[in-house]
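# Examination of the molecular architecture
Take a look at the letters that make up each chain.
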Amino acid sequence: MIFSRDRRPAGNSGTAPGRWQNDSGERRALPRFAVSATEELTDTADPRAPFSADKARLALSEALSASQPVVSAERFAGRHDTLAALITAIEQQRAHVVLYGERGIGKTSLIHVFAAVAQEARYLVLYGSCGVAARFDEMFLAFAGRIPLLYHADISPTADESEHRRSFADLLDKNHVGPRELADVLTQVVGTRVVLVLDEYDRVADAEFRRNVAELIKNLSDRAARVQLILTGVASNLDELIGFTPSIRRNIVGLAVGPMPASELDEILVQAEQASGMTFGGPARALVTRMAAGSPYLTRLLGQKAAARALDEGRTDVTPDDVTGGTEAVLAEWNAGLPRRVQAMLALPAVQKDWGLLIAAARASGTPDGWFTATDVAAELADGSPSGAGKALTGFSGETDLFDRDQSATGEPRFRFRTQGLAQLLGLSAALARAGR
Ligand SMILES: Nc1ncnc2c1ncn2[C@@H]1O[C@H](COP(=O)(O)OP(=O)(O)OP(=O)(O)O)[C@@H](O)[C@H]1O
Ligand SMILES: [Mg+2]
C-alpha cells in the first residue's frame, strides 16, 4: 500500500519539512504533535479506517518501545514456560524466587505480567526497584505501608473505618526495622498472600542490605509466613545475585530469564503489525530476529527503525533493506553517542586489524560486572590462544585505552570495556556483518 508522504505540520503547508525559516527569512510554524494525547489507540487498526502514517508511527512507537518494560499481557510475547515456572514456584512450592538474566532480556516485563496474573488470583503484589543507595529499613517500611491492616490476623473484617486506613507499617517501630521485626509482623498476614518484588537487586551495593534480605527470607520460610519475595537482577547465575548463602538455598527457587527463541521474537513484530497496519515480510522479520539474537530489546529497536524507514519512503511493507538500513542507523546513533576519543580510536588501523578480537571481547563481556579474562576471549575466537588474546587486550589497555586492566587478584588479569555501550555496538555490528553474508 502506498500513502501520501505529506506529513507537514498543520498550518505549515507548501514548505519543506524540517526547515523552520523559508527562503525569504519568514519565521515558520513550530512543529506540532501529530495525534492528541487523549486519543485512544486501538490495538487492531480498523481495516476500514484510512491508513495514517502519523498514527502508524505512534502505534509503532508504542508497540515497539524499546525503552520501557512491557506492562500489559497484550504486549507480552512468549515466555510462557518461564511465567509458568514462576507461578509454580510461588503457588505450589511456596518458595522465594530469584529471577536472573542479562541486561535488557525482559526480567522487569516478566514481573509486570506476573503481577497482573497474581492479582487476578487475589495475591497482593508489591513492587520495589532497588537503587545503589537502597536502604533495607526504608524499602521494607514502604512495603509494609502498602499492606492494609485488614489482612492482620487480629483485625476483624468488620473493624471500624479507622482500622481500614491503617497498614502493617503502623505495627513497626520506624527506628528498628530489621529482618526479625519484619518477620514478626509479616507472619501475621492472613486472608491473602503477599509477594514483595525487589527488582534490580544487582544494583544494591550495601552488603548489610543483602544480609538482611537473606535473614528475612530465612525467617519468613521457617515461620511459613504468607509473604514471599521475588528478587530480580542482572546475573548469569543464582550465586552471583544472592551470594553464597547455604542457609536459605533450600527456600529459594532460581529461574533464569534467557534469550527468547526467534518464534517468540517474531510475535513482537506480529503485534506491531496488528497495531500499526504495517507489514514486515517474512524475510524482514527473519532478519530482525536473527540480528536480535534472543533479545526482545533489540527486536523492538531494530523493528521500529526498519518500519520508520519504510514509512519515510511512503510504504507500509517493511523489507530486508529497511532492516539493514535501520540497523545501520542504530549503529550510527550508538557510535555518535561514544566519546570522540573512542570514535577516533576505533578508526585506528591497529584497532581495525584486531576487530575480530574486539568482537570476541564484546561477547565475553556479557558478565554482570563486565569483567572478563583473556581466556574468556580466546574461547570466543575460533583460533585464539589465551596468551595471544591477553597480549592484544593489554595492548589496548595502554595508550589506546579501550579496556581497563585489573591485576589486583592473583592469577589472570581481568579486562573490562572502558566505555559504556561499546560492547553492545560491537555485538550488533558483528551481527549485521554476518547477516550480510
Ligand atoms: N516478553 C516480551 N515481549 C515483548 N517485549 C519484551 C518482552 N520482554 C521484554 N521486552 C522488551 O524488551 C526491553 C527490555 O525489557 P525489560 O526492561 O523488561 O528487561 P530487563 O531484563 O528488566 O532489563 P534491565 O536488565 O535493564 O533491567 C523492553 O523494551 C521491553 O518492552
Ligand atoms: Mg529491569
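The paragraphs below set out a description of the structure included in this document. (Residues numbered from 1 in each chain as written. Chains lettered and ligands numbered in written order. Predicted model: local features only at pLDDT ≥ 70, side-chain atom pairs only at ≥ 80, totals over all residues. Heavy atoms only, no water.)

Now for the sheet that holds strand S5 (residues 252-256). Spatial ordering of the open sheet is given by S2-S3-S4-S1-S5, a layout of five strands whose pairing is parallel. On the outer flanks of this sheet lie strand S2 (124-129) and S5, each paired with one strand and no other. Strand after strand, the sheet turns through a mean of 15° between neighbouring axes, direction not considered. Sheet topology note: the strand S1 (residues 96-101)/S5 ladder contains five bridges and is parallel. Of the residues in S5, the one forming a bridge with valine 97 is valine 253. Sheet strands in contact with helix H2 (residues 80-91) are S1, strand S3 (194-199), strand S4 (227-234) and S5, and its direction is about 175° off that of S5. (Pairing = 2+ DSSP bridges. Helix = DSSP H or I, 4+ residues; strand = E, 2+ residues; numbered from the N terminus. Axes fitted to C-alpha atoms, helices over the stretch in contact; angles between N-to-C directions. Contact = heavy atoms within 4.5 Å.)

Most of S3 sits out of view: six of its six residues are buried. Neither face of S3 is exposed, since Val194, Leu196 and Leu198 on one face and Val195, Val197 and Asp199 on the opposite face are all buried. With six bridges joining them, S2 and S3 adopt parallel strand pairing. Paired with tyrosine 127 across the bridge in S3 is valine 197. In this sheet, S4 lies alongside S3 in parallel orientation, the contact comprising five bridges. Residue leucine 196 lies in a different strand from S4, and its bridge partner there is leucine 229. Following the backbone out of S3, through helix H7 (residues 207-222) and into the adjacent parallel S4, one traces a crossover that is right-handed. (Buried < 20%, exposed > 50% of the residue type's maximum accessible area, 1.4 Å probe, protein only. Right-handed = clockwise from strand over helix to strand, strands pointing away.)

Moving on to the side chain of serine 429. In this structure, serine 429 sits in helix H19 (residues 422-436). A distance of 3.1 Å separates a polar side-chain atom of serine 429 from the backbone oxygen of leucine 426. Apart from the residues within four sequence positions on either side, serine 429 is in contact with Leu331, Trp355 and Ile359. (Polar contact = N/O pair within 3.5 Å; in protein donor to acceptor, adjacent residues only side chain to side chain.)

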